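# Notes for the structure review
Chain by chain, the residues run as shown.
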Amino acid sequence: NFFLIEENLINNETTIKPIEIKTNFIFCIDVSASMGSDLRFIRKQMSNKLPSLIKEGDTLTLIWFSGKNQAGILKEEIEVKSLTNLQELNNLIDRFLQPIGLTAFTKPLQLTKEVIDRIKINKPNTAFSLIFLSDGYNNDDSWSNVQKVMNELRDSVNSVTIVEYSQYADSIEKLFLSIGIS
């Protein structure tokens, strides 16, 4: 019941065009007190990396977090179209990413899911890349709460990058891996 179909693609009139998918890069940035010494490096690295990371039509969302229910969206779905936009964004990053509080992962992950759900309404073909920057030590919320939100988020993100700081960094990576996000 097996057979082979051979087709010469060189003479084929069909043209295959790649579909360009726009990406919303969602940065979740830990601004807890334990990140205090690293935040100045993070601010500088983001200023240096953003111009080459985001291509035309891509957008950026910045979420900050520290202790339980201490999290917020600094900017949502921003398209960087000019040097002026980039400078304004860098100024916000420098001004607001300052150390406060403890560390809790639940709220920034909930905000990530909410942002994705909002963007998908008008832009269903958007890819979502989560970049999570933390010292990886959730000390102000239960792991069961974090894992529940991660399970809800799993099918919404296309890629996850974890940038870890300090000796406790493996805890968030293990959580992502435990629910099948790599």
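Located above this text is the structure these notes cover.
Everything numeric here is computed off the predicted structure, so don't read it as measured data.

### Details of the packing of helix α1 (residues 36-53) against helix α2 (residues 83-96)
- The interhelical angle for the contact between α1 and α2, taken along N-to-C directions, is 160°, at an axis separation of 10 Å. Considered as vectors, α1 and α2 are oriented roughly antiparallel to each other. At the point where α1 passes α2, the crossing takes the right-handed sense. Across the interface between the two elements, R43, M46, S47, L50 and P51 of α1 pack against L86, L89, N90, I93 and D94 of α2.
- Of the residues belonging to the contact of α1 with α2, the class tally is 6 nonpolar, 2 polar and 2 charged.

### Quick look at helix α3 (residues 106-122)
- If you check α3, its first and last C-alpha atoms are 26 Å apart, about what 17 residues at 1.5 Å a residue would give, namely 24 Å.
- Taken together, the buried positions of α3 are occupied by T106, P108, L109, L111, T112, V115, I116 and I119.
- Its buried side turned inward, α3 meets β1 (23-30), β2 (59-65), β3 (71-78), β4 (127-134) and α4 (143-153).

### Observations regarding the nonpolar core
- Core analysis: the largest hydrophobic core is formed by 20 residues, its most contacted members being I26, C28, L109 and L130.
- Of all the secondary-structure elements, those providing two or more residues to this core are β1, β2, α3, β4 and α4.
- Counting residues per element, this core draws most heavily on α3, at 5 residues.
- What C28 contacts, discounting residues up to four positions off in sequence, is I63, F65, P108, T112, L130, I131, F132 and L133.
- Membership of the second largest hydrophobic core comes to 19 residues, among which are F25, V31, I42 and L97.

### Some thoughts on unusual backbone geometry
- The backbone of N69 shows a phi angle near 60°, a positive value even though the residue is not glycine.
- With respect to the helices and strands, N69 occurs in the loop between β2 and β3.
- Since its relative accessible area comes to 58%, N69 is described here as exposed.

### A look at the environment of L92
- Within the fold, L92 resides in helix α2.
- Relative accessible area serves as the criterion here: at 21%, L92 is assigned to the partly exposed category.
- With 49 residues separating them along the chain, L92 and R43 place their C-alpha atoms 9.8 Å apart.
- With near-sequence residues (within four places) excluded, L92 lies in contact with L74, K75 and L97.

Conventions and cut-offs
Residues numbered from 1 in each chain as written. Predicted model: local features only at pLDDT ≥ 70, side-chain atom pairs only at ≥ 80, totals over all residues. Heavy atoms only, no water. Axes fitted to C-alpha atoms, helices over the stretch in contact; angles between N-to-C directions. Helix = DSSP H or I, 4+ residues; strand = E, 2+ residues; numbered from the N terminus. Parallel < 35°, antiparallel > 145°, perpendicular 65-115°, else oblique. Left-handed = near helix turned anticlockwise from the far one by under 90°. Contact = heavy atoms within 4.5 Å. Nonpolar A, V, L, I, M, F, W, Y, C, P; charged D, E, K, R; others polar. Expected span 1.5 Å × (residues − 1). Buried < 20%, exposed > 50% of the residue type's maximum accessible area, 1.4 Å probe, protein only. Core = buried A, V, L, I, M, F, W, Y, C linked by side-chain atoms within 4.5 Å.

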